[in-house]
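Each chain is listed here by its residues.
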Amino acid sequence: MEHAIEVKNLTKRYKDFTLDHISFSLPKGMILGLIGENGAGKSTFINSLLGIVKSEYEQIQILGLDLASHEKQIKGEIAAIFDDARYDENFTPLFIGKIMAGIYRNWDSQKYQNYLKQFSLPPKKKLKTFSKGMKTKLEFAAALSHNPKLLILDEATSGLDPIFRDEILDIIREFCENEEHSVLISSHITSDLDKIADYVAYIHQGKLQFFKTYDEIQTQYGILNCGREFFENISKDDILAYRREAYSYQVLIRNRQEFKTIFRDTPIQNASLEDIMLFYSKGEKML
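This structure is a prediction, so every number in the text was calculated from the model and none was measured. (Residues numbered from 1 in each chain as written. Predicted model: local features only at pLDDT ≥ 70, side-chain atom pairs only at ≥ 80, totals over all residues. Heavy atoms only, no water.)

A few words now on the sheet that holds strand E5 (residues 65–66). Reading across the sheet, the four strands line up as E2-E1-E4-E5 and stay open at both edges, with antiparallel pairing between neighbours. Strand pairing shows two members of the sheet lacking a second neighbour, strand E2 (18–27) and E5, which therefore form its edges. Pairing geometry for strand E1 (residues 3–13) and E2, over seven bridges, is antiparallel. The residue of E2 that forms the bridge with Glu 6 is Ser 25. Relative to the sheet, helix H1 (residues 42–49) contacts E1, E2 and strand E4 (59–62), its axis offset from that of E1 by approximately 115°. (Pairing = 2+ DSSP bridges. Helix = DSSP H or I, 4+ residues; strand = E, 2+ residues; numbered from the N terminus. Contact = heavy atoms within 4.5 Å. Axes fitted to C-alpha atoms, helices over the stretch in contact; angles between N-to-C directions.)

So this is what it looks like as structure tokens:
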């Protein structure tokens, strides 16, 4: 199996925070949703992949190339979009297209013009007249017009209204229709990732809690509401975390299908990505 991203023991140490031995492999053609609380280490991880910050690692391979020896070649094959716009406010989309044509050997001017039309972006107006949503669409137009194989998004949809976000998700889906294309998207809006992610990586306090397919998450995790007596009779091995309510317990179950074979009449809800994050960050763990 070919991989878009392979990471082994990626570590970045700061004075008061450590991104601690992150390892996983993302197959080509897949969308990876990267989730975690503020300060969990998501941006540090992405910046390490992009070579923006220097980290320790056993191995990082992107699109089959080693980051340490092929960084320049890798950067020609990827596109990154961040929450804040990177272009000068006095630039126009037309001028940005000319700049990009001089930077990327694979730049497709016609594709860029088509994206500007598709997104209703006026080519000769300065960016300072654009809304945040329009600026984000311009970032996508520029990123996709040099035909990258890997698209990396760090909170790129943050602050956009639901209509704009839905358009962006459609763009991502369309991009991945080509199985040579892959996406890593970090987002606080986990409902967006529920719609498009093939894989999910969850970083909590600098540690990778899990790297799973989205289907595995839907199958394995569940939320149980029960009374104290029932809770005390559940095996600790079945519980990832729990939250005490006034007269009941909310429990995040790790092996939903096996649990249901034992407790057939006990209803268990699906666990969304947001539910899982809340249980990890605010719930109590079994000792």
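A few words now on the nonpolar core. Nonpolar side chains tend to gather and get buried jointly when the protein is soluble and globular. One finds Phe 140, Leu 151, Leu 153, Ile 172, Val 183 and Tyr 221 to be the most contacted residues of the largest nonpolar core, which totals 53 residues. Top contributing element to this core by residue count: helix H5 (residues 132–144), with six residues. Among residues more than four places away in sequence, those in contact with Leu 151 are Ala 79, Ile 81, Phe 140, Ala 143, Leu 144, Phe 175, Ser 182, Val 183 and Leu 184. Ile 22, Leu 50, Leu 150 and Ala 201 belong to the second largest nonpolar core, which has 30 residues in total. (Core = buried A, V, L, I, M, F, W, Y, C linked by side-chain atoms within 4.5 Å. Buried < 20%, exposed > 50% of the residue type's maximum accessible area, 1.4 Å probe, protein only.)

This part covers the pairing of E4. Alternating residues of E4 divide into Ile 60 and Ile 62, all buried, and Gln 59 and Gln 61, none buried. Note that E1 and E4 share four bridges and pair antiparallel. Each bridged residue has a counterpart across the sheet, and for Lys 8 the counterpart in E4 is Gln 59. Judged from the two bridges that link them, E4 and E5 form a sheet pairing that is antiparallel.

What follows concerns the environment of Pro 27. Looking at the secondary structure, you find Pro 27 in strand E2. For Pro 27, a relative accessible area of 7% corresponds to the buried category. Taking the C-alpha atoms as reference points, Pro 27 and Glu 180, 153 residues apart in sequence, are found 9.9 Å from one another. Ignoring any residue separated from it by four or fewer positions in sequence, one finds Pro 27 in contact with Met 1, Glu 2, His 3, Ala 4, Ser 182 and Tyr 199.

As a further point, take unusual backbone geometry. Positive phi, close to 55°, is recorded for Leu 63, a residue that is not glycine. Position of Leu 63 relative to the elements: it lies in the loop between E4 and E5. Using a relative accessible area of 14% as the deciding quantity, one classes Leu 63 as buried. With a phi close to 55°, Glu 155 is a non-glycine residue in the positive phi region. You can see Glu 155 is positioned in the loop between strand E7 (150–154) and helix H6 (162–175).

Our next topic: the pattern of salt bridges. Overall, the coordinates contain 12 salt bridges when judged by the stated rule. A salt bridge links Glu 167 to Lys 137, with the nearest nitrogen and oxygen atoms 2.8 Å apart. On the criterion of sequence distance, the pair formed by Glu 167 in helix H6 and Lys 137 in helix H5 is long-range, its members being 30 residues apart. Among the residues examined, Lys 137 registers a relative accessible area of 6% and is labelled buried. In the salt-bridge network here, residues are joined through shared partners; they are Glu 2, Lys 28 and Glu 180. (Salt bridge = Lys/Arg side-chain N within 4 Å of Asp/Glu carboxyl O.)

That is the geometry; function is a separate question.
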